[in-house]
Amino acid sequence: MKNILVCGGAGFIGSNFVRHMLAKYPDYLITVYDKLTYAGNLDNLLDVSQNPRYSFVQGDICDAAKVDEVISQREIDTIVNFAAETHVDRSLMEPGSFIMTDVYGTYVLLEAAKKHGLARYHQVSTDEVYGQVVVGASCETDRLETRSPYSASKASGDLMTFAYHTSFDVPVTITRGANNIGPYQYPEKVVPVFVTNAIDNLPLPLYGDGLQVRDYQYVLDHCEGIDLVLHRGTLGEAYNLGTGQETRNVDMAHMILDLLGKPRSLIQYVKDRPGHDRRYALDCAKIRALGWQPRHDFAQALEKTVRWYVDNEWWWRKIKSGERWQEYYKKNYAGRELTGQAKAG
Ligand code: NAD
Ligand code: DAU
């Protein structure tokens with residue numbers, strides 16, 4: 001594999017993946033194909049923009065003609081698809097765009113992979129496809145029991161990816177990652193929203209009782225796992241990627257405030273997310289057997305992440321001062337009555 005189309009490469013994980021691949025494989029060419037939605041940002045790729053092995057094409061994965069043209073003209077042999085609508089709260093407000101990109105867009109890319117006989121199509125998916133996991137941990141063969149429009153659309157993308165392998169022999173792999181944190185995450189996701197609010201002494205809006213459990217992994221660990229599956233994964237298979245370390249949201253909020261030297265009184269309990277998944281947990285034995293293990297535990301990952309946001313105000317202040325961001329923030333948070341400081345914890 002030498003000529004990779006990274007769809008959604010201007011987003012959070014995609015841009016970290018591009019940086020990782022350019023540094024690790026000196027003979028690989030990388031084309032980022034990205035629509036530049038609100039979440040896509042060329043600032044995320046500023047430091048690789050002069051690399052002669054990197055190039056950027058603005059385009060929609062739902063645009064079959066443009067996808068076709070890019071693959072032909074650039075002799076692409078591999079697609080890694082990060083492109084998606086990714087925020088659960090937004091999927092509750094406008095599910096249509098999730099179905100378009102995460103389902104139809106995935107189909108368009110799979111058709112292109114089939115037509116051009118690509119060496120690999122890799123789909124970047126999520127632990128959310130298993131739905132909430134009250135006890136135990138999800139294996140790759142578990143049922144997909146999604147509960148939000150976001151997770152339902154991602155699960156549909158996974159099923160379409162498997163269908164193209166079974167029906168047309170398209171060489172596919174899938175990774176299902178747990179929550180990522182790290183540099184360049186759009187400040188709508190909980191860790192960057194909490195860190196940047198705390199820096200500005202603004203409230204940290206904690207949903208419900210704050211006792212939901214997530215497995216927060218460092219983004220570059222996730223990228224290494226995707227890289228490993230791309231090179232050593234078995235075709236037609238999915239691989240879970242997570243640390244196995246469980247963290248409650250309230251504890252994550254406390255750790256952020258402690259790292260920044262801010263008071264815990266900044267935490268504000270607000271009305272819960274409808275259908276909020278209580279807990280995700282992944283069984284990662286399969287990827288560990290391939291030789292992957294995360295380099296960071298949660299405390300290390302969070303510390304690095306907080307430091308990055310402290311050192312890179314230029315990046316997130318530009319976003320948070322924009323009208324588009326402020327409109328979203330109002331829409332998502334204004335309607336949530338504050339329930340005051342809860343007793344959780
Ligand atoms: P993100 O929202 O930061 O970036 C998504 C990128 O896709 C943006 O650059 C956006 O412009 C682009 N995009 C959106 N619609 C497009 C379209 N129609 N055509 C072309 N480009 C389009 O997302 P992220 O957090 O980096 O997530 C990347 C992938 O990883 C997604 O598929 C997501 O489901 C998956 N994932 C995310 C996490 C996480 O914690 N963030 C965890 C596991 C899996
Ligand atoms: O698990 C992987 C998934 O992680 C990815 O597939 C998604 O793309 C990504 O958005 C993320 O989904 P979550 O819903 O878990 O992430 P989010 O950052 O939105 O929320 C994490 C937890 O924090 C969740 O329990 C809800 C809570 N939360 C979130 C926000 C935005 C709050 O308490 N307050 C908030 O303001």
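Look up a bit, the structure's there.
The paragraphs below set out a description of the structure included in this document. (Residues numbered from 1 in each chain as written. Chains lettered and ligands numbered in written order. Predicted model: local features only at pLDDT ≥ 70, side-chain atom pairs only at ≥ 80, totals over all residues. Heavy atoms only, no water.)

## Description of the pattern of salt bridges
Here is step 1: Per the counting criterion, the structure on display carries 22 salt bridges.
Here is step 2: Linking aspartate 209 and arginine 278 is a salt bridge whose minimum nitrogen-to-oxygen distance equals 2.8 Å. Here arginine 278 lies in the loop between β13 (267–270) and α9 (285–289) and aspartate 209 lies in the loop between β8 (204–207) and β9 (213–214), a separation of 69 residues in the sequence.
Here is step 3: Arginine 307 is the partner of glutamate 303 in a salt bridge, and the nearest nitrogen-oxygen pair spans 2.7 Å. Taken as a pair, glutamate 303 and arginine 307 lie in helix α10 (residues 298–311) at a separation of four residues, close to a single helical turn.
Here is step 4: Exposure remark for arginine 307: the relative accessible area of 43% places this residue in the partly exposed category.
Here is step 5: What emerges from the salt-bridge pattern is a single network uniting Asp89, Arg273 and Arg336. (Salt bridge = Lys/Arg side-chain N within 4 Å of Asp/Glu carboxyl O. Helix = DSSP H or I, 4+ residues; strand = E, 2+ residues; numbered from the N terminus. Buried < 20%, exposed > 50% of the residue type's maximum accessible area, 1.4 Å probe, protein only.)

## A word on helix α8 (residues 249–260)
Here is step 1: The end-to-end C-alpha separation of α8 is 17 Å, in line with the 16 Å expected for 12 residues at 1.5 Å each.
Here is step 2: Those residues of α8 not exposed but buried are Asn249, Val250, Met252, Ala253, His254, Ile256, Leu257 and Leu260.
Here is step 3: Those residues of α8 that are buried are in contact with α6 (190–199), β8, β9, β12 (247–248), β13 and α10.
Here is step 4: Following α8 by one or two positions, glycine 261 adopts a phi angle in the positive range, close to 65 degrees. (Expected span 1.5 Å × (residues − 1). Contact = heavy atoms within 4.5 Å.)

## Quick word on the packing of aromatic side chains
The description of an aromatic ring pair rests on the distance of the ring centres and on the angle between the ring planes.
Here is step 1: Going through the model one piece at a time under the given rule, you end up with 17 aromatic pairs.
Here is step 2: Between the aromatic rings of tyrosine 104 and tyrosine 107, the centroid separation amounts to 5.3 Å while the plane-to-plane angle is 50 degrees, which identifies the pairing as tilted. Of this pair, tyrosine 104 and tyrosine 107 both sit in helix α4 (residues 95–115), three residues apart, roughly one helical turn.
Here is step 3: For tyrosine 104, a relative accessible area of 37% translates into the label partly exposed.
Here is step 4: By relative accessible area, tyrosine 107 is classed as partly exposed at 31%.
Here is step 5: Their ring planes at 65 degrees and their centres at 5.4 Å tell us that tryptophan 308 and tryptophan 315 sit as a pair that is edge-to-face.
Here is step 6: These aromatic residues form a ring-pair network of at least three members: Tyr38, Tyr186, Tyr207, Trp325, Tyr328, Tyr329 and Tyr333.
Here is step 7: Directly above the ring of tyrosine 328 sits arginine 90, whose terminal nitrogen or CZ lies 4.1 Å from the centroid. (Phe/Tyr/Trp six-rings, centres within 6.5 Å; stacked < 30°, edge-to-face > 60°. Lys NZ or Arg CZ within 6 Å of the ring centre and 35° of its normal.)

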